[in-house]
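# A look at the structure
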Amino acid sequence: MSLIPSLFGNGRRSNVFDIWDPFQGFSTSAGETTAVANARIDWKETPEAHLFKVDVPGLKKEEVKVEVEDGNILQISGERSKEKEEKNDKWHRVERSSGKFLRRFRMPENAKLEEVKAAMENGVLTVTVPKEEVKKPEVKSIDISG
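Attention here is on the structure that accompanies the text. This structure is a prediction, so every number in the text was calculated from the model and none was measured. For every chain, the first residue of the written sequence is number 1, and numbering continues from 1 onward in sequence order. Given that this is a predicted model, residues contribute local features only at a pLDDT of at least 70 and side-chain atom pairs are listed and counted only at 80 or more, while totals for whole chains, interfaces and linings are drawn from all residues. Calculated side-chain values reflect all of the structure's heavy atoms, with hydrogen atoms and water omitted.

## Considering the nonpolar core
Judged by nonpolar contacts, the single largest core of 17 residues is most densely connected at Phe-52, Ile-76, Met-107 and Val-129. Elements represented by at least two residues in this core include exactly strand E2 (49-55), strand E4 (73-80), strand E5 (99-106) and strand E7 (124-130). Examining the composition of this core, we find that three residues originate from one element, E7, more than from any other. The contacts of Met-107, once residues within four sequence positions are left out, are Trp-43, His-50, Phe-52, Asn-72, Leu-74, Leu-113 and Val-129. For this analysis, a nonpolar core means a set of buried residues of the types Ala, Val, Leu, Ile, Met, Phe, Trp, Tyr and Cys, connected via side-chain atoms within 4.5 Å. Per-residue accessibility, obtained with a 1.4 Å probe over protein chains only, is compared with the maximum for each type, and a residue is labelled buried under 20%, exposed over 50%, and partly exposed between these values. Think of it this way: any DSSP run of H or I at least four residues long counts as a helix, any run of E at least two long counts as a strand, and we number them from the N terminus. By definition, residues are in contact when any of their heavy atoms lie within 4.5 Å.

In structure tokens form, the structure reads like this:
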């Protein structure tokens, strides 16, 4: 996604990584978008699957969504609620973020998105997207005459 589309081309998306806009659909107030940066994700590809590990400390599995959109886009989203403030509370430091987060990934053609699995343990969401088996080309020997 071009940050300054008027200076660099016509603003059309041309890169497979250009689909993610973390602020799309969210308020621009700092309090609501700070959690976007805190949804850290690792994406690793193994011979069998694509593995996503998402740090979501303090969230319950009910507060996180894993969805497949448009047949090939994996979307991971959630919301960390603000802690209730009591009238007599005096805050000395607020470093934990709250708000919504949204991450989207265009999956390659070999991803089996109908078989996605997700599990949460110790504040880490693990999403497993199996891959189709790579078919090895069949080799047939040909006898040479003469």
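Moving on, there is more to tell.
## Observations regarding the pairing of E7
When E2 meets E7, the two strands line up antiparallel, connected through seven bridges. Within the sheet, the bridge partner assigned to Ala-49 lies in E7 and is Pro-130. Pairing between strands is defined by DSSP: at least two bridges between the two strands are required. Where strand E6 (residues 117-121) and E7 come together, five bridges link them in antiparallel fashion. Each residue of the ladder has a partner; that of Ala-118, found in E7, is Val-127. Between E6 and E7, which follow one another and run antiparallel, lie two residues, and Asn-122 among them has a positive phi close to 55°.

## Things to note about the pairing of E5
Among the eight residues in E5, six count as buried, and that is most of the element. Note that E4 and E5 share eight bridges and pair antiparallel. Paired with Ile-76 across the bridge in E5 is Arg-103.

## A short note on the pattern of salt bridges
Any Lys or Arg side-chain nitrogen found within 4 Å of a carboxyl oxygen on Asp or Glu counts as a salt bridge. Applying the stated criterion across every chain yields a total of two salt bridges. A salt bridge links Lys-131 to Glu-45, with the nearest nitrogen and oxygen atoms 2.7 Å apart. Highlighted residues: Lys-131 in the segment after E7 and Glu-45 in strand E1 (residues 41-45), separated in sequence by 86 residues. Take Glu-45: its relative accessible area is 48%, and that puts it in the partly exposed class.

## Description of the sheet that holds E7
The strand order across the open sheet built from four strands is E1-E2-E7-E6, with neighbouring strands paired in antiparallel fashion. Each end of this open sheet is capped by a strand with a single partner; those strands are E1 and E6. Neighbour-to-neighbour, the strand axes of this sheet turn through a mean angle of 15°, independent of strand direction. A fitted line through C-alpha atoms serves as each axis, taken over the contacting stretch for helices, and the angle formed by two N-to-C directions is quoted from 0 to 180°.

## Digging into the packing of aromatic side chains
The aromatic pairing rule takes the rings of Phe, Tyr and Trp, using the six-membered ring of Trp, and pairs them if the centres are within 6.5 Å, calling planes under 30 degrees apart stacked, those over 60 edge-to-face and the rest tilted. Tallying each qualifying case throughout the model produces three aromatic pairs. A ring pair is formed by Trp-43 and Phe-105, whose centres lie 5.6 Å apart and whose planes are at 75°; its orientation type is edge-to-face. Of the two residues, Trp-43 is situated in strand E1 and Phe-105 in strand E5; the sequence distance between them amounts to 62 residues. For Phe-105, a relative accessible area of 12% puts it in the buried group. Ring centres of Phe-52 and Phe-105 lie 5.2 Å apart, and the angle between their planes is 45°; on these two criteria the pair is classed as tilted. Separated by 53 residues along the polypeptide, Phe-52 in strand E2 and Phe-105 in strand E5 bring together distant segments of the chain. Considered together, Phe-52 and Phe-105 belong to a single accessibility category, that of buried residues. Pairwise contacts between aromatic rings join Trp-43, Phe-52 and Phe-105 into one cluster.

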